[in-house]
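Fold and contact review
In case you want the letters, here they are:
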Amino acid sequence: METKAQATEPAAQESVQAAVQKKTAVKIVAFVCNWCTYAGADLAGTSRMQYRPNVRVVRLTCTGRIDPLFLIKAFENGADGVIVSGCHPGDCHYVAGNYHARRRWVFFKSLLDFVGIDERRVFFSWVSASEANKWAKLVDEAVETVTGLGPYTQYKMLTDTRRAWEPEMPWSEAWAPGIPEGVPLPEPTPLDLAVRAKAKEILETGKAKVVIGYAWAKRQRRAVPVFVADPAETDSLIFNALCVNNLTNYLTRHAKDVKALGRPAVFVKGCDARNLVVLQQESQVRREDVTVIGVPCNGVVYRPETWQGHLTPETLSPKCAGCEVREPRNCDETVVGEVHPLPAEGMSPIDSKIAEMDAQPSQVRWNFWMEQFDRCIKCYACRQVCPLCYCERCITEKNQPQWIDTSAHPEGNLSWNLIRAIHLAGRCTFCGECDRACPVNIPLNLINRKLGLVAKEAYGYAAGMDPGSLPPMIVFKPDDKENFIR
Amino acid sequence: MARIGVFVCQCGNNIAAEVRTAEVAEKLKDVPGVVHAEDARFYCSNPGQEQIRKMIKEHNLDGLIVSACSPHMHEKTFRKAAETAGLNPFRVEIANIREHCSWVHHDPTKDLGTEKAGDIARMMVERVKRDRPLSKIKIPVTKRALVIGGGVAGIQAALDIADGGREVVLVEREPSIGGHMAQLSETFPTMDCSQCILTPKMVEAYQHPNIRLVTYAEVEKVDGYIGNFTVTIRKKAKSIVEENCTECGECIDKCPIKATSQFEMGMTKRKAMYIPFPQAVPGVPVIDRNACPKYVKDMSKCGLCAKVCGPQCIDFDQQDTFETVNVGAIVVATGYDVMPAENFPEFSGGKSKDVITGLHFERLASASGPTGGEIKRPSDGKVPETVVFIECSGSRDERRGVSYCSAICCMYSAKHAMLYKHKAHHGQAYIFYMDIRCGGKRYEEFHRRAVEQEGAIYLRGRVSRVYPRDGRLVVQGADTLVGSQVEIEADMVVLATAVVPRLGSKDLAQRLGIGYDQYGFYNEYHPKLKPVETVTGGIFLSGACIGPMDVPTAVAQGSAVAAKVLGLFSNDEMAREPIVAEVNRTTCNACWDCLVACPYKAIEREAIKNRQGEVLRYVARVNEGVCMGCGVCVAACHSKTIDLKGYSDAQVYAALAAV
Ligand SMILES: Cc1cc2nc3c(=O)[nH]c(=O)nc-3n(C[C@H](O)[C@H](O)[C@H](O)COP(=O)(O)OP(=O)(O)OC[C@H]3O[C@@H](n4cnc5c(N)ncnc54)[C@H](O)[C@@H]3O)c2cc1C
Ligand code: SF4
Ligand code: SF4
Ligand code: SF4
Ligand code: SF4
């Protein structure tokens, strides 16, 4: 910050004007609350403090009103840096808006960083109505830092270049999973028999009218979801490492159809059971309306096409390494089966990949993700298989305003993937369905898992473990950590 | 197509010095939707507003931007002006080109200011295009008030509201109203007897046709919103059928059990069947269930009180009861506590009976107190020859207590020194102080009197230690003015302990949905401009629950709050700003994220039913009376089903696109 006297000194004047004349002046968008920071900025005016002119203020009611996605929109509209600021903790005009904001920022900041959006372009701050000084300093610092980094050409390139989409992966093959030709269908295992017996018992005793489980597909030799209402047909049921689908998806997206068949019972693996807990927390499934049957799971395959009749460390889905819920929790019924102890090795491949990426410069992460997102065709398969993406109308379908560019082009692809990630932060149970369903093999589980780790580190929260808890993004504690806020 | 007018104010030279306003106006004409743009010297002046009104009519404007000072200055002015010209006030936005532009950037060429002012105005044009015309929300008002806490602040509020013709329910936690003022002996700076001026007010409140006292009761639950609160009151079991009691006091006389009197600061006993003090209002006694053998010894013998009670109103089996009242406004007047002497072991607090707090001293000096108004020390009843008063015990000292000044201790310590001198003529009072703060009317004179006429010795400095020696108390401290250590042998030490929030004040705040500071004092809406309002509409504050204060201020606040409440009650309906959230019922998932996140519990579950009345599904519904328009829910909702009027997603996006 400079005083007016300093600003009128020739040198200072020159630099400001030089910046204006050169069209290179960076643009900073500031999202501020009406009561503290906006008033603080007013006071800076009343006190005639001098600061850099590059900031454009968007006045909102409260930091709690600031959707993290506004920041993405700001970048899409050519901002080179963003300031987000509101009342100090305890001072919120609306009692707790800033506490909510603070949690959202924790997740969003980690997400931005993880996809390689330079953290140094985003400034979180508390500026009270009396901290005119702090406001002026904040703006000056932001302008200086961002000027040092230069215009955000990286993002602008996304916006400018509508690159033609070119598939790089043999994605069509991913859609032909199954047991390779020549490998015979396995004999029913003791687990298969146990699953059948349980289903039969449930239908016969009237505990449920329809059982949602897995069976061999008629032609292709792979496991597919089936609905069995007749106790005689329970003989078709199986459970093995090819049973990848998360069947809880049928309880939300297809709730109406399922309801028409009568009370459902559903087979769940440990990770699927966690989804049910989230659905219960969010009032999407009434737990008393469904019978949940847990099956012990020793892991499923990642790519069914690699299946050789049994699971090997190479064919095991990375999400299963380090799994803590091989025996599902919160179930009504359980199928008895063997659970092999976890291999003693350290981090799961996903976590070690995250650690590796975190250690890289943000530019490397940006390049990695841009390459990945570039392939996205906006098929929304990730959303369709996700039990937690149950929205009546997804944000992608909202056009007043248009949150996401509907065409498959890099800018919209990035915002779509960021939006879905932030919507799942603290809720995703790493069932890995989106990752599996993505026809162009975008490693979506990496992002979801990253934000899961944030939830764990920052708030000691693991999604889908405790039906009595609430997801970390809708609650707060007044003393939540905030070391990243100026 | 929008028909927007842009008015660029020069604000004399305040804006014009840095911004070529005419050029900004000219350039804004190119923005689609802008049909008129101009500049002038002062739009906030009457001719300026008239010009705006004229242009609204002439150009048939449906939205306008005033590029001028901060919206915090004149948004209301311009919205009102527009309204009188027939334009919806919520189609008016302010582009802040003074505080956020001309005053903070200096460039002799004016290029910089002109460019930025243009940008700001353009953002606002895009925003105003998406401003929906809104109308104020009308809410019915229940014209009855709840006052929580019957100290002098609460009593004053209740009396003034009642005199204004509105009903009041006054809820007091203790068996009697009166609060701390009932404990005081005489009051600074006029030295009138506290009981003598308070008791008539207590009786007036009791007998007022518009006031209903509910004593020995607490607020259990608060639902609803401004004008429409539903409050559940827990009435603790008095073990007496209140309606039948004639307040004769026979039962108290007969009760054989003694218990510590909190009112007398533990310096004497009262009965298990008791009224806290003789002038208690109401005079209906209660049974202390922690003392009465009927309860502590599991319904064993005794029952003497029941035998003597003429109207037979003693009911040992009485349970707590609950009552719901509907009120339109709530006044919180729950007062304060003082830090106990036990908090100061270095001053022998809690160890020596003769180390007491100011409130103890009030009781010793009170004619109705345990010593009949004579200053006798608690340990042996001896009249102390030397008394040391230690100010700022725990105040202005984050390490030992609180960082704030307790505001009243300088005054009451001077008062105590005087009272002591009047009652024990040969006694000597010493007062250790940090600074003397006597800012009130006639307060400094009062303090001078203590020094000059009553011979109190003031020592500037802190006390490091108080310890007993041969039946007396040795006070070791520093006299910083002389620059030496002092040691005084005293017979009694009075600690002016810090004024602190009521125990459980945070709990009550959470039940009410109001804010509090780090200590637990309640937050005013604005410390200067809205000192008796809270951020929650319809809930007001008065008295020492806001912070330490003296009786005159507490009474003034009681009256101030009454004016606010009567103002609120002066209309059958109240109008409020329509900046509230709204739900798109077709896309709501009923996930209740918004409901959990809303700081005001403004979101409800609404059942959507078919013709047969079966519930098809639930959706979120915003209670417009409760919603404060923060928008926390909006950012919480994944599917963007909920939006904030006046600050919609579409508006923010449009503004961003114009950056
Ligand atoms: C030692 C001492 C001497 C003083 N001397 C003077 C003096 O000489 N002159 C002067 O002007 N001021 C003096 N004061 C200050 C004076 O006591 C206060 O200004 C005054 O009592 C404040 O009144 P109040 O109604 O705000 O609070 P209080 O008097 O504390 O009354 C609050 C009432 O609310 C009730 N309550 C609390 N919580 C609840 C609840 N949850 N539900 C229902 N009811 C509840 C309490 O029981 C109490 O009746 C002195 C203070 C002290 C400590
Ligand atoms: S991406 Fe978000 S809005 Fe879309 S379905 Fe998933 S949670 Fe809902
Ligand atoms: S499944 Fe893959 S390609 Fe399809 S929308 Fe999701 S990320 Fe994009
Ligand atoms: S958060 Fe959105 S979808 Fe969920 S209940 Fe609220 S309005 Fe409905
Ligand atoms: S805007 Fe704020 S007060 Fe209103 S419903 Fe939403 S969260 Fe609650």
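Conventions adopted
- Residues numbered from 1 in each chain as written.
- Chains lettered and ligands numbered in written order.
- Predicted model: local features only at pLDDT ≥ 70, side-chain atom pairs only at ≥ 80, totals over all residues.
- Heavy atoms only, no water.
- Phe/Tyr/Trp six-rings, centres within 6.5 Å; stacked < 30°, edge-to-face > 60°.
- Helix = DSSP H or I, 4+ residues; strand = E, 2+ residues; numbered from the N terminus.
- Buried < 20%, exposed > 50% of the residue type's maximum accessible area, 1.4 Å probe, protein only.
- Right-handed = clockwise from strand over helix to strand, strands pointing away.
- Pairing = 2+ DSSP bridges.
- Near = heavy atom within 4 Å.
- Polar contact = N/O pair within 3.5 Å; in protein donor to acceptor, adjacent residues only side chain to side chain.
- Areas by Shrake-Rupley, 256 points an atom, 1.4 Å probe, with all protein chains shown as cover.
- Domains from an automatic or database assignment.
- Nonpolar A, V, L, I, M, F, W, Y, C, P; charged D, E, K, R; others polar.
- Buried area = accessible area lost by both parts, 1.4 Å probe.
- Salt bridge = Lys/Arg side-chain N within 4 Å of Asp/Glu carboxyl O.

A closer look at the packing of aromatic side chains
As enumerated under the stated definition, the model contains 30 aromatic pairs over all chains in all. With a centroid separation of 5.9 Å and 55° between ring planes, the pair formed by Phe114(A) and Trp369(A) is classed as tilted. Here the residue Phe114(A) occupies a position in helix H5 (residues 97-114), and Trp369(A) occupies one in helix H13 (residues 362-374), the gap between them amounting to 255 residues. There is no split in this pair, since Phe114(A) and Trp369(A) are both buried. Consider the rings of Tyr404(B) and Phe521(B), whose centres lie 5.5 Å apart with planes at 70°: the pair is edge-to-face. Of the two residues, Tyr404(B) is situated in the loop between strand E21 (386-393) and helix H12 (409-423) and Phe521(B) in the loop between helix H14 (505-512) and strand E29 (539-541); the sequence distance between them amounts to 117 residues. Of the two residues examined, Tyr404(B) and Phe521(B), each falls in the buried class.

What about the pairing of strand E1 (residues 28-33) of chain A?
Residue and element names in this part refer to chain A. Most of E1 is tucked away, with six of its six residues classed as buried. Here E1 shows a buried face lined by Ile 28, Ala 30 and Val 32 and a second buried face lined by Val 29, Phe 31 and Cys 33. One crossover worth recording links E1 to the parallel strand E2 (residues 55-60) by way of helix H3 (residues 37-46), and it is right-handed. Two strands pair when backbone bridges link them, and E1 and strand E3 (residues 81-86) are joined in this way by five bridges, in the parallel orientation. Along E3, the bridge assignment pairs Val 32 with Ser 85.

Quick word on the site of ligand 1
Residues and elements named next belong to chain B. Around ligand 1 there are 35 residues in total, and Glu 172, Tyr 336, Lys 415, Met 549 and Val 551 lie nearest to it. Within the contact set of ligand 1, an oxygen atom lies 2.5 Å away from a side-chain nitrogen or oxygen of Glu 172. Protein coverage of the free-state accessible area of ligand 1, which is 1,000 Å², stands at 98%. Elements with a contribution of two residues or more to the shell around ligand 1: helix H6 (152-163), strand E8 (186-187), strand E19 (336-338), helix H11 (358-365), H12 and helix H15 (551-568). For the shell around ligand 1, the two domains that each supply at least three residues are domain 2 (144-333 + 538-555) and domain 3 (336-500).

Topic: the site of ligand 3
Residues and elements named next belong to chain A. Taken together, 14 residues form the shell around ligand 3, and within it Cys 376, Cys 379, Tyr 380, Cys 382 and Cys 438 come nearest. Residue assignment for the shell around ligand 3 shows that the elements contributing at least two residues are helix H14 (381-385) and helix H15 (410-424). By residue class, the composition of the shell around ligand 3 is 12 nonpolar, one polar and one charged.

Topic: the domain arrangement of chain B
Often the size quoted for an interface is simply the accessible area lost on bringing the parts together. Residue and element names in this part refer to chain B. You can read the domains of chain B as domain 1 (4-129), domain 2 (144-333 + 538-555), domain 3 (336-500) and domain 4 (581-657). For domain 2 and domain 3, the distance between their C-alpha centres works out to 30 Å. Both sides of the domain 2 and domain 3 interface together cover about 2,200 Å² of buried area, and 69% of this is carbon and sulfur. Where domain 2 packs against domain 3, one counts one salt bridge. Applying the counting rule to domain 2 against domain 3 returns seven residue pairs in polar contact (both at pLDDT 80 or more). Along the lines of polarity and charge, the residues of the side of domain 2 that touches domain 3 split into 12 nonpolar, six polar and three charged.

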